[in-house]
Protein chains: 2
Amino acid sequence: MGLLVVGSLGLDTVATPFDRVEDALGGSATYISLASSYFTGPVYLVGIVGDDFPKKYIALLENHNIDLEGLQIVENGRTFRWSGKYHYDLNVRDTLLTELNVFETFNPIIPDKFKKAKFVCLGNIDPVLQLQVLDQMESPHFVVCDTMNYWIEGKKDDLLKLLKRVNVLIINDSEARLLTNEPNLIKAFRTIRKMGPEILIIKKGEHGALLFTDEVIFSAPAYPMEMINDPTGAGDSFAGGFIGYLHKTQDLSPENMKCAVIYGSAMASFCVEKFSTKGLEELQYLRVQDRFREFLNLSRFNEKE
Amino acid sequence: MGLLVVGSLGLDTVATPFDRVEDALGGSATYISLASSYFTGPVYLVGIVGDDFPKKYIALLENHNIDLEGLQIVENGRTFRWSGKYHYDLNVRDTLLTELNVFETFNPIIPDKFKKAKFVCLGNIDPVLQLQVLDQMESPHFVVCDTMNYWIEGKKDDLLKLLKRVNVLIINDSEARLLTNEPNLIKAFRTIRKMGPEILIIKKGEHGALLFTDEVIFSAPAYPMEMINDPTGAGDSFAGGFIGYLHKTQDLSPENMKCAVIYGSAMASFCVEKFSTKGLEELQYLRVQDRFREFLNLSRFNEKE
């Protein structure tokens, strides 16, 4: 059974102090699918593009065992476009342009074959669309969801409706604080726990990630990098590595969840090494395992007292 | 042989959104000494206060096996005072007042008995004074040093002179970036390495700490806390736990250094639980070990792939 991924596909124009790319492959569903494809397959992708979406990107996705039956290609439609500029401090970025285009009227339709999927990853799109996806699924039993401040502020009611049906919420620390009105992250988890998700993952960028469940708090380090070329898609790559590893292992224990957080962090580190999706295009699973081991070395210390 | 600690002793007036204390025990040397006293002893303290410094604080320090032969008590002098106010986000604080008082003319004199100490912790004071301390030592072989943006900006030449004679520099991430002009922390370590210290520890507050040596990078998590009452002294408590554990074990290997970083983090977490030095006053070593184990649980994950 495949892993269902829903989200955006887009063409990104990104500038950093080091370089710039134009109309490069982007979008939450793209990063999630590519990252998870190193762990499991097939990935069932649901999304929308215009017929200006380059064939080579279609081929790239297909080469990663990503099933595109759920990809709507709109004739004479224009693909979603995003443009951003990163500052010297790569934690700061300006959004220069967001063109929804075909996304404006997106109505996610889940092909019959996809409806039986048990693992669902809802990339960061309008919570109303995320709900529409869940409504079409037969009996999903592990739903991971990403969102952002835009929806927390603008569509809170729909988001709260969605969260009741979500197992894992992945957001960053400022989004967690915004959603709960609670600066303390332990208390924020307790509030989010009551909203629905049993599991909260807080992404902290260069400071790593935190996993909260009823049983454990786990702190994952960030991979120390000398050169970050393009932070775009790091969070989505994290989500893809996380759910991809869980789909592969079919083990939802807290201990395995920790490993999934590390694999998510590993995929995020590969993502930011190169522009656009380049860092996720030609990996070997051996390299992913090597990086997992580097995370182990980075955080391990002896038990002596 | 004792562990030499030099720094400030002061009376702090601190307000947070939750409470307020007036003329409470404070100062870098105070926190470092108290934190390290749980691991080793005696601690040789060098500092200065006025005769307004309460006798009960003298007694408290003495009860922790802190040797006060190097504490100058100035007759008719007024003790260093600091006052600060923390915001609802405890990472943000305003300094309301800094009265140097007796510190203005401080000339650190190391008692003969202290001069043979091998382990030295230079708390955050003027680098000129830190240099004067080192000049008086016979053959220190492990020197840990803290500093801050104020000295990096105002006394860089003296600081650079000092760093040539320091083994471990402990600073926060913004100070590391300021000192090196380098936003990337791996590159910042390489620059600082050339300034002298073989080891760099970067404190990141609620995001934990990073240890850099030529051999390893180690990422220590922060202890997740529901209630932080007073962040004052956290960095000094970290330094005290770090050097105290190393002085106890006399093992400067990278592996043991990692444990020392965790013990430093543990002492910082005890410090911020209560106002002023209260969190460091009545600990049992068993509680310190328990917290060490909690750090282990917080960051440990399985090696399976």
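Residues numbered from 1 in each chain as written. Chains lettered and ligands numbered in written order. Predicted model: local features only at pLDDT ≥ 70, side-chain atom pairs only at ≥ 80, totals over all residues. Heavy atoms only, no water.

Draft legend 1. Structural view of the relation of the copies chain B and chain A. The transform that puts chain B on chain A rotates by 180° and translates by 0.0 Å along the axis, for an RMSD of 0.0 Å. As the rotation angle and translation indicate, the two copies are arranged about a two-fold axis. Measuring from the rotation axis to each C-alpha of chain B, the shortest distance belongs to His207(B), at 3.0 Å. (Least-squares fit on C-alpha atoms with pLDDT ≥ 70 in both.)

Draft legend 2. Structural detail: the pattern of salt bridges. Residue and element names in this part refer to chain A. Tallied over the full model, the rule gives 36 salt bridges over all chains. A salt bridge links Lys278 to Glu281, with the nearest nitrogen and oxygen atoms 3.8 Å apart. The class for Glu281 is buried, based on a relative accessible area of 17%. Overlapping salt bridges, with partners in common, bring together Asp23, Asp52 and Arg81 in one network. (Salt bridge = Lys/Arg side-chain N within 4 Å of Asp/Glu carboxyl O. Buried < 20%, exposed > 50% of the residue type's maximum accessible area, 1.4 Å probe, protein only.)

Draft legend 3. A look at the nonpolar core. Counting 64 residues, the largest nonpolar core has Ile201(A), Phe242(A), Val261(A), Met267(A) and Leu280(A) as its most contacted members. At 12 residues, helix α9 (residues 254-273) of chain A tops the list of elements feeding residues into this core. (Core = buried A, V, L, I, M, F, W, Y, C linked by side-chain atoms within 4.5 Å. Helix = DSSP H or I, 4+ residues; strand = E, 2+ residues; numbered from the N terminus.)

Draft legend 4. Inspection of the sheet that holds strand β8 (residues 119-122) of chain B at higher detail. Residue and element names in this part refer to chain B. What the nine strands build is an open sheet, ordered β5-β4-β1-β8-β9-β10-β11-β12-β13; its pairing is mixed. Since the sheet does not close on itself, it has two edges, and those belong to β5 (66-74) and β13 (217-220), each with one partner. Pairwise comparison of adjacent strand axes, ignoring direction, gives a mean angle of 15° for this sheet. The sheet contact formed by strand β1 (residues 3-6) and β8 spans four bridges and is parallel. When the bridges of β8 are listed, Leu3 appears paired with Phe119. Strands β10 (168-172), β11 (199-203), β12 (209-212) and β13 of the sheet are contacted by helix α7 (residues 185-195), whose axis makes an angle of about 45° with β12. (Pairing = 2+ DSSP bridges. Axes fitted to C-alpha atoms, helices over the stretch in contact; angles between N-to-C directions. Contact = heavy atoms within 4.5 Å.)

Draft legend 5. Looking closely at the packing of helix α6 (residues 173-180) of chain B against α7(B). Residues and elements named next belong to chain B. Taken N-terminus to C-terminus, the directions of α6 and α7 make an angle of 60°; their axes are 9 Å apart at the nearest point. When the interaxial angle is binned, α6 and α7 end up oblique. Note on packing geometry: the crossing formed by α6 with α7 is left-handed. For the pair formed by α6 and α7, the contact residues are Asp173, Ala176, Arg177, Leu179 and Thr180 on the first element and Leu185, Ala188, Thr191, Ile192 and Met195 on the second. (Parallel < 35°, antiparallel > 145°, perpendicular 65-115°, else oblique. Left-handed = near helix turned anticlockwise from the far one by under 90°.)

Draft legend 6. Summary view of the side chain of Asp67(B). All names here are of chain B. Within the secondary structure, Asp67 is located in strand β5. The class for Asp67 is buried, based on a relative accessible area of 18%. Contact partners of Asp67, with chain neighbours within four places excluded, come to Val43, Tyr44, Leu45, Lys113 and Phe114.

Draft legend 7. Representation of the interface of chain B and chain A. Between chain B and chain A, the residue contacts involve 41 residues of the former and 41 residues of the latter. Of the roughly 3,900 Å² buried at the junction of chain B and chain A (both faces included), carbon and sulfur atoms supply 52%. For the pair chain B and chain A, the interface holds four salt bridges. A salt bridge links Glu226(A) to Arg190(B); the nearest nitrogen and oxygen atoms lie 2.6 Å apart. Viewed at the interface, chain A and chain B are joined by 12 residue pairs in polar contact (both at pLDDT 80 or more). Contributing elements (two or more residues each) for the side of chain B that touches chain A: α6, α7, β13, α9 (254-273) and α10 (285-299) of chain B. In terms of residue count, the dominant contributor to the side of chain B that touches chain A is α10(B) (eight residues). (Buried area = accessible area lost by both parts, 1.4 Å probe. Polar contact = N/O pair within 3.5 Å; in protein donor to acceptor, adjacent residues only side chain to side chain.)

Draft legend 8. Inspection of helix α6 (residues 173-180) of chain A at higher detail. Residue and element names in this part refer to chain A. Inspection of α6 places Asp173, Glu175, Ala176, Leu179 and Thr180 among the buried residues, and these make up the whole buried set. End-on view of α6: buried residues confined to an arc of 160°, all on one side of the axis. Summarising the contacts, the buried residues of α6 are in contact with α4 (149-154), α5 (156-163), β10 (168-172), α7 (185-195) and β11 (199-203). (Arc of directions from axis to C-beta.)

Draft legend 9. Broad picture of the packing of helix α8 (residues 234-249) of chain A against α9(A). Residues and elements named next belong to chain A. Between α8 and α9, the shortest axis-to-axis distance is 7 Å and the interhelical angle comes to 140°. Comparing the axis directions of α8 and α9 gives the class oblique. Where α8 crosses over α9, the handedness of that crossing is right-handed. Contacts between α8 and α9 pair Ala234, Ser237, Phe238, Gly241, Phe242, Tyr245, Leu246 and Thr249 from the former with Asn256, Met257, Cys259, Ala260, Val261, Tyr263, Gly264, Ser265, Met267, Ala268, Cys271 and Val272 from the latter. Residue classes in the contact of α8 with α9 are distributed as 14 nonpolar, six polar and no charged. (Nonpolar A, V, L, I, M, F, W, Y, C, P; charged D, E, K, R; others polar.)

Draft legend 10. The confidence of the model for chain A, seen in detail. For chain A, mean pLDDT is 96; residues scoring 70 or higher make up 99% of the total. Here the predicted complex scores 0.95 on pTM and 0.92 on ipTM. (pLDDT = per-residue confidence, 0-100.)

Draft legend 11. Local environment of the sheet that holds β11(A). Residues and elements named next belong to chain A. The mixed open sheet is built from nine strands, whose spatial order is β5-β4-β1-β8-β9-β10-β11-β12-β13. Across the chains shown, the open sheet's two edge strands, defined by having one partner strand only, are β5 (66-74) and β13 (217-220). If you compare each strand with its neighbour and ignore which way they point, the axes differ by 15° on average. Of the pairings in the sheet, the one linking strand β1 (residues 3-6) to strand β4 (residues 43-50) comprises four bridges and is parallel in character. Its bridge partner being in β4, Leu4 is matched across the sheet by Tyr44. Contacts from α7 reach β10, β11, β12 (209-212) and β13, with the element oriented near 45° to β12.

Draft legend 12. Quick look at the environment of Glu215(B). Residue and element names in this part refer to chain B. Tracing the backbone through its elements, the reader meets Glu215 in the loop between β12 and β13. Residue class for Glu215 comes out exposed when judged on its relative accessible area of 61%. When the C-alpha atoms of Glu215 and Ile199 are compared, they prove to be 10.0 Å apart, with 16 residues separating the residues in sequence.

Draft legend 13. Seen up close, the packing of aromatic side chains. Under the criterion given, the structure shown has 32 aromatic pairs over all chains. Between Tyr223(A) and Phe295(A), the ring centres sit 5.7 Å apart and the planes meet at 35°, which makes this aromatic pair tilted. On the criterion of sequence distance, the pair formed by Tyr223(A) in the loop between β13 and α8 and Phe295(A) in helix α10 (residues 285-299) is long-range, its members being 72 residues apart. By relative accessible area, Tyr223(A) is classed as buried at 19%. Overall, the relative accessible area of 0% leaves Phe295(A) in the buried class. Here Phe39(B) and Tyr245(B) contribute two aromatic rings whose centre-to-centre distance is 6.3 Å and whose plane-to-plane angle is 85°, an arrangement assigned as edge-to-face. With Phe39(B) in the loop between α1 (28-37) and β4 (43-50) and Tyr245(B) in helix α8 (residues 234-249), the pair connects residues that are 206 residues apart, well separated along the chain. By the burial criterion, Phe39(B) is buried, and Tyr245(B) matches it. Feature note: the residues Phe39(A), Phe218(A), Tyr245(A), Tyr263(A), Tyr285(A), Phe292(A) and Phe301(B) constitute an aromatic cluster, connected by ring pairs. Against the face of Phe270(A) rests Arg291(A), its NZ or CZ located 4.1 Å from the ring centre. (Phe/Tyr/Trp six-rings, centres within 6.5 Å; stacked < 30°, edge-to-face > 60°. Lys NZ or Arg CZ within 6 Å of the ring centre and 35° of its normal.)

Draft legend 14. Inspection of the pairing of strand β3 (residues 20-26) of chain A at higher detail. All names here are of chain A. Taken together, the five bridges between strand β2 (residues 10-15) and β3 define a ladder with antiparallel strand orientation. What sits directly across from Leu11, in β3, is Leu25. Connecting β2 to the next strand, β3, in antiparallel fashion are four residues.

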